[in-house]
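# Per-entry structural report
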Amino acid sequence: MTSMSYTCRLLPTCNETKVSKFLHLIQSSCQLFSTVANSLQFDSWEHRDEEKDVDFNLLFRSCTKLHHVKRLQARLLVSGRAESFFLSRLVNLYAHFGDVSFAEKAFNHIPNKDIYAWNSMVSAYVGNGRFYKTVAFFYELLYASGLRPDCYTIPPVLKACKDIVNGKKVHCSILKMGFEWDVYVGASLINMYSRFGSLEAARMLFDHMPVRDRASWNAMISAYCQNRNGAEALRVVEIMRAEGIRMDAVTIASVLPICAQLDDIVTGKLMHLYAIKCGLEFGLFVSNALIDMYAKLSTLGHARRVFDQMMERDIVSWNSIISAYEQNEDPITARSFFDKMQQAGIGPDFYTLISLSSIVAKFCDYRHARSLHGFIMRRSWCAEEVVIGNAIVDMYAKIGDLDSARAAFEWLHIKDVVSWNTMISGYAQNGLASEAIELYRMMEDCEEMIPNQGTWVSILPAYSHVGALQQGMRTHGTVLKNGLYLDVYIGTCLVDLYGKCGKLDDALSLFHEVPRESSIPWNAMISCLGVHGGGEKALKLFREMLAEGVQPDRVTFVSLLSACSHSGLVSDGQQCFETMQEKYGIKPNMQHYSCMVDLLGRAGHLDKAYSLIKSMPLQPDAAVWGALLAACRLHGNSQFGKYVSDHLFEVESENVGYYVLLSNIYAHIGNRDGVTKVRTSVRDKGLKKTPGWSSIEVNNNVDVFYSGNQTHPKSDEIYEELRALTEKIKTLGYVTDISYVLQDVEEDEKEHILMGHSERLAIAYGIISTPPRNPIRIFKNLRVCGDCHNATKFISKLTEREITVRDSNRFHHFKDGICSCGDYW
């Protein structure tokens, strides 16, 4: 209230004070609601006879704050008008302002409690989340009050049931009282059973209802929608319309999410048209649902038009449009809507900030990330809502600040399974697979934490990254026990795991078991075939994909072009690049151009690769120039390599890997001055080479070796084995290529440095730790150097072992002195 006048001292609130204790405080005048100013004023105590003229209904309507309700209760008690009806209304008012304790006190003051009073208290408990208390209070009403519940008592009690057991008990009570076929109660029972996933029970109730109103139909439609059975929900809508029941705003708002779920924009537009014909399109409920549907169907133009035409907007409307652009990879527009929302005087809620955290992550804006985190912390929203805490962890992980992500994760007072999944995937996506695996082990130790689909999708790529095949297979067993192996996302991760751990046949077997209606599993399998050098097989699988009616996407063509590049299929790659644009209307992004430059450059067509770069409508990034520089190194073109490196360092001057490439080019042609200049430049910039590491899994343990590392418990045995192997393969024709050593040291020291490369340490450890002739699988974070590649061919022949090395680029299968790449890598 804006015009509140006080003519006397305000009455104290009645927390624990009985009425008799504050009667003496009431002086010559009390506060009474003014019918003109809509404010409270008290008449004098001497004019008590005038109390009968007070319009208490007006006083009830005028309460806009909690302290107004307390004063009204005092006025009722003082005037002797504390009747059951008025006190029951006080219960509702206290509940509305969130003060359950005062609602209880008002309820306890009711002299003769009728069912309306009990229903008011039930609603107070439910409205303030006191669900356990609600159910207990219901049974008190049922067995101790002497009153009979009515049809208004049951729905809030059913809403308060926290599990299906309690729900069924209440249902039994309903049957005894004969309320089951009341349409209001029936709809609430349908909602209760659907909430716990018991759709069969909900549908049985619905089918047996003698009378069904629109609320009953809406409840059944919503039940299917909540349980992700959109097709059945639409069938119920068809039956509803066939029976002549008109859809209302609730029906439309329930059906629209189903259209998004089924990717059915035609039905969605028909619902929109129906809403327009019935004059429902401007309602908040329907408009918000339309924005959400169009956003999920990636038709942002329609979502924007709905938003612009809204005559009234609430916080949900703004959240919906912000989320629409954020989810469709347009963070700039999403941020502009957030700014407009603030200009409109609407403050953000935690749903707004969840979207905003994702926007900040897309901008990689560390400063605003810290600011947003501080804003949320000041309001204690992380402590109250785990979902916003999870969003903060995800934001930091996507920015790449894993220390802050882990700190935010550890700070969470309550961690749910999403919290763990977010942190695990954050580590995995930032290349910290070992940390992801360690965190997953910690999660397994938490008995109350049950892994779900998101957990497996997060941890399986981490196993793929370090080649932890045995641990991945154990997780595969757990997935089988949980019946989730046919889930398309988990199935795709398993295909990726086996394919990237060198078990291509197992990957293919799994691929044929998972659902293949979308491009996701096809992309994974094409990629696996590509990194194994199976370009022809990848193209064949692509043709099968088209024959099955699956639409390729951007990722499909990245995988295809990469496969063609690894296998030297230049003409096939060029044809794929043209088909992608001409037939499927997919504009090439930076990844596609990078693959094409790599394809042409690796095959020796440096001029064509450079021409492609010059014709790009996009500004070439470091990956594109880096692919061309790698081709210059492969073909020993130092002059062109220097020209390319100048462009490359303009785009990205801090990546030491590109300096190493240029240095390798100079070293390969014996240009020591060029090597020295590159080294000096690296030293002056303070850059450090990414340490090379290789991992090997032996007896379910993953051992990681760094180049030159001597800290392993079996280090002496490993180096002894390497010395012996080097001497033996020299007799088979191996000659050390010291051009791959950039340090300015003596030749014998260079040979020792090469022998200490991480992949050789891992191979030697595999030889001394496994039975003779057993296969060895190695995983390396960088590309294999030419000398190690050559040495491994000889080692495979000498030891009669199949040695698989997966580097950062592709697989190398060494057997009998031959590599599967055909030295084309």
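Predicted model, so just to flag it, every value in this text is computed and none were measured.

What follows concerns the overall build of the protein. Along the backbone of the protein there are 44 helices and six strands. For the protein, buried positions account for 50% of its 825 residues. For the protein, contacts bridging at least 24 residues in sequence account for 62% of all contacts bridging at least 6. Working note: accessible area of the protein is about 39100 Å², and carbon and sulfur atoms make up 51% of it.

Quick look at the packing of helix H14 (residues 249-261) against helix H15 (residues 265-277) now. To describe two helices that pack against each other, one gives the angle between their axes and the distance between the axes. For the pair H14 and H15, interaxial distance at closest approach is 9 Å and the crossing angle is 160°. On the basis of the axis angle, H14 is roughly antiparallel to H15. The handedness of the crossing between H14 and H15 comes out as left-handed. Contact residues: Ile-252, Val-255, Leu-256 and Cys-259 in H14; Thr-267, Gly-268, Met-271, Tyr-274 and Ala-275 in H15. Looking at side-chain class alone, the contact of H14 with H15 contains seven nonpolar, two polar and no charged residues.

Our focus in this paragraph is the sheet that holds strand E2 (residues 701-706). Here six strands make up an open sheet; going across it, the order is E2-E1-E3-E4-E5-E6 and the pairing mixed. Since the sheet does not close on itself, it has two edges, and those belong to E2 and strand E6 (818-819), each with one partner. Across four bridges, strand E4 (residues 803-806) lies against strand E5 (residues 811-815) in antiparallel orientation. Bridge pairing in E5 places Ile-803 opposite Phe-814. Across the sheet, helix H43 (residues 758-769) is in contact with strand E1 (693-698), E2, strand E3 (776-780) and E4; its angle to E1 comes to roughly 15°.

Across the interface, helix H30 (residues 504-511) lies against helix H31 (residues 519-531) with an axial gap of 11 Å and an inter-helix angle of 165°. Regarding the angle of H30 to H31, the classification is roughly antiparallel. The interaxial crossing formed by H30 with H31 has left-handed handedness. In this structure, H30 contributes Leu-504, Ala-507, Leu-508 and Phe-511 to the contact, and H31 contributes Pro-521, Trp-522, Met-525, Cys-528 and Leu-529. Residues of the contact of H30 with H31, tallied by class, amount to nine nonpolar, no polar and no charged.

Before going further, it helps to examine the UniProt feature "repeat: PPR" (unreviewed entry) in the protein. Under the local residue numbering, the UniProt record ascribes the feature "repeat: PPR" (unreviewed entry) to residues 114-149, 213-247, 314-348, 416-446, 518-552 and 553-588. Segment residues 314-348 splits into 74% helix and 0% strand. End C-alpha atoms: 11 Å apart. End C-alpha to end C-alpha, residues 553-588 measures 11 Å, and it is 75% helix and 0% strand.

With that settled, the discussion passes to the environment of Asp-416. When you line up the elements, Asp-416 lands in the loop between helix H24 (402-411) and helix H25 (417-429). For the pair Asp-416 and Ile-450, spaced 34 residues apart in sequence, the C-alpha to C-alpha distance is 9.3 Å. Not counting residues up to four positions away in its chain, the partners in contact with Asp-416 are Val-386, Asn-390 and Met-449. Polar contacts involving the side chain of Asp-416 include one to the main-chain amide nitrogen of Val-418, which spans 3.2 Å.

Glancing now at the pattern of salt bridges. One pass over the full model with this rule turns up 21 salt bridges. The closest approach of N and O atoms between Arg-602 and Asp-598, which form a salt bridge, is 2.8 Å. One end of the pair, Arg-602, and the other, Asp-598, are both in helix H35 (residues 590-602), four residues apart, so they sit about a helical turn from each other. Residues Arg-602 and Asp-598 agree in their burial class; the two are buried. A salt bridge links Arg-760 to Asp-787, with the shortest nitrogen-to-oxygen separation between them at 2.2 Å. With a gap of 27 residues between them, Arg-760 in helix H43 and Asp-787 in helix H44 (residues 786-799) connect regions that are remote in the sequence.

Along H30, the residues that are buried comprise Leu-504, Ala-507, Leu-510 and Phe-511. Seen from one end, H30 has its buried residues packed into an arc of 120°, which puts them on one side. Check the buried side of H30 and you find it contacts helix H28 (469-481), helix H29 (488-500), H31 and helix H32 (535-547).

This paragraph deals with unusual backbone geometry. A negative phi angle is the norm for most residues apart from glycine, just as the trans form is the norm for most peptide bonds. In this structure, Glu-329 takes a positive phi of about 60° despite not being glycine. Within the fold, Glu-329 resides in the loop between helix H18 (315-327) and helix H19 (331-343). One non-glycine residue with positive phi stands out, namely Arg-773, at about 70°. Its place among the elements puts Arg-773 in the loop between H43 and E3.

Our focus in this paragraph is the pairing of E1. The element E1 is extensively covered by neighbouring structure, given that six of its six residues are classed as buried. Alternating residues of E1 divide into Trp-693, Ser-695 and Glu-697 and Ser-694, Ile-696 and Val-698, and every residue in both groups is buried. Pairing geometry for E1 and E2, over six bridges, is antiparallel. Within E2, the residue paired with Val-698 across the bridge is Asn-701. Two successive antiparallel strands, E1 and E2, enclose a turn made up of two residues, where Asn-699 displays a positive phi of approximately 55°. Bridge analysis of E1 against E3 gives two bridges, and the strand direction is antiparallel. Of the residues in E3, the one forming a bridge with Ser-694 is Lys-780.

The rules behind these values
- Residues numbered from 1 in each chain as written.
- Predicted model: local features only at pLDDT ≥ 70, side-chain atom pairs only at ≥ 80, totals over all residues.
- Heavy atoms only, no water.
- Helix = DSSP H or I, 4+ residues; strand = E, 2+ residues; numbered from the N terminus.
- Buried < 20%, exposed > 50% of the residue type's maximum accessible area, 1.4 Å probe, protein only.
- Contact = heavy atoms within 4.5 Å.
- Areas by Shrake-Rupley, 256 points an atom, 1.4 Å probe, with all protein chains shown as cover.
- Axes fitted to C-alpha atoms, helices over the stretch in contact; angles between N-to-C directions.
- Parallel < 35°, antiparallel > 145°, perpendicular 65-115°, else oblique.
- Left-handed = near helix turned anticlockwise from the far one by under 90°.
- Nonpolar A, V, L, I, M, F, W, Y, C, P; charged D, E, K, R; others polar.
- Pairing = 2+ DSSP bridges.
- UniProt positions renumbered as here; feature names shortened; annotations may be inferred.
- Polar contact = N/O pair within 3.5 Å; in protein donor to acceptor, adjacent residues only side chain to side chain.
- Salt bridge = Lys/Arg side-chain N within 4 Å of Asp/Glu carboxyl O.
- Arc of directions from axis to C-beta.

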